[in-house]
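# Structural description and commentary
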Amino acid sequence: MARPITLFTGQWADLPLAQLAPLAKTMGYDGLELACWGDHFDVQQALASPRYVADKRALLQDAGLQCFAIGNHLCGQAVCDPIDERHQAIVPAHVWGDGDPEGVRRRAAREMQDTARAAAHFGVKTVTGFTGSPIWHAVYAFPPTSQAYIDRGYADFAQRWRPILDSFDAEGVNFALEVHPTEIAFDIASAQRALDALQGHRRFGFNFDPSHLAYQGVDYIRFIRRFGERIFNAHMKDVWWGKGDGSVGVFGGHTAFGDARRHWDFRSVGRGMIDFESLIVALNDIGYTGPLSVEWEDSRMDRVHGATESAAFCRRLDFAPAAGAFDAAFDKSQQVVR
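Residues numbered from 1 in each chain as written. Predicted model: local features only at pLDDT ≥ 70, side-chain atom pairs only at ≥ 80, totals over all residues. Heavy atoms only, no water.

### Focus: helix α9 (residues 188–197)
Every buried residue belonging to α9 is among Ile188, Ser190, Ala191, Ala194 and Leu195, and all of these are buried. The arc enclosing the buried residues of α9, seen along the axis, measures out at 165°, which places them on a common side. Residues of α9 that are exposed and angled more than 90 degrees away from the buried face: Ala189 and Asp196. Where α9 starts, the residue carrying a side-chain oxygen 3.4 Å from the main-chain nitrogen of Ala189 turns out to be Asp187. Positive backbone phi, at 55°, marks Gln199, one or two positions downstream of α9. (Buried < 20%, exposed > 50% of the residue type's maximum accessible area, 1.4 Å probe, protein only. Helix = DSSP H or I, 4+ residues; strand = E, 2+ residues; numbered from the N terminus. Arc of directions from axis to C-beta. Polar contact = N/O pair within 3.5 Å; in protein donor to acceptor, adjacent residues only side chain to side chain.)

Quick look at the structure:
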């Protein structure tokens, strides 16, 4: 059977889940990847109240939806980042606390451990998210940046995330990093380096999202084939590049999304330049059976229109892998004699 088509709710957090869930069903989705912001999924309430978990499940069931993953990108971002005022806007008040940077990082780490426990309570085996990075600011190597400096960044990442991943392991839950600029892994080389830093921790893998790789010039199909057994979730998100006026480069020129000058921008699924046909083939080749989760972002399009067409596009595009070789019928030894 084809994979379930789900919607990541992060970009819909302004809508209460009671309103979004039936809307998502109307738009053609089989389930939701619940974000840990808005009122969609609250980690601490899920730990404190069995009724909260039961009510969330009932709400989804009443809408005819499933949940295969929850996303806690915002707290994950704060685990390794140099903390500034931007983080206060995205993390819960109990994580921000007094704003002391190291305190924020430690509280964010505890929140991610709690997220693993909350996911287990909710019956979900995958948490998607970010890690943050102590070295993203050094992505361009000036002032001159030695490999020893980069190594220290990966060591810091591993020191902070290994205890978190041990908590995930205790709960039987996987963490899927969305490989993304500003994270410890943002392309194939850095993803491998992150895995190596963690000594291949079995609970650390990836939320594959081609949109963050393609405009960088990274081979996103190669990513699938390189990390097949580590792909725990897949985001369907489109992007185009080379569409600006030549005044803004890959780093974005401090422009806002939707600015016509931009070299790249996110598009509704099927409207950009991602080769989704090859993507589905590669996911089939690695045996990925999880959801195709639409992360809808397009600054130029009404989101209900866009999310509806994205669900239909993914459903039309997806197909189950072959049960056997297409030319097996020519093998006389396999033919039935009547």
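### Notes on the pairing of strand β6 (residues 204–208)
A large share of β6 lies buried, amounting to 5 of its 5 residues. Looking at chain direction, strand β5 (residues 174–178) and β6 are connected through 4 bridges and run parallel. Bridging from a neighbouring strand, Leu177 pairs with Phe206 of β6. Pairing analysis gives 3 bridges linking β6 to strand β7 (residues 231–236), with the strands arranged parallel. Residue pairing for β7: Phe208 is matched across the bridge by Ala234. (Pairing = 2+ DSSP bridges.)

### Here we look at the layout of surface pockets
In this model, the largest pocket occupies a volume close to 1,400 Å³. Around the largest pocket, the lining is made up of 43 residues, and of these Trp136, His180, Pro181, Thr182 and Phe257 lie nearest the centre. Listing elements by their share of the lining of the largest pocket, those giving two or more residues are α4 (73–80), α5 (85–88) and β9 (264–267). Looking at side-chain class alone, the lining of the largest pocket contains 17 nonpolar, 16 polar and 10 charged residues. Each pocket or cavity is described by its volume, and for the second largest pocket that value is around 270 Å³. If you go around the second largest pocket, you meet 18 residues; those closest to its centre are Ala138, Val139, Ile150, Phe186 and Arg193. If you list the elements that add at least two residues to the lining of the second largest pocket, you get α8 (147–171) and α9. Its residues placed into classes, the lining of the second largest pocket shows 11 nonpolar, 4 polar and 3 charged. (1 Å grid on protein atoms, 1.4 Å probe; cavity = no way out; pocket = protein on both sides within 12 Å on 5 of 7 lines; lining within 4 Å. Points joined across faces, edges and corners; volume = space filled by probe spheres on them. Nonpolar A, V, L, I, M, F, W, Y, C, P; charged D, E, K, R; others polar.)

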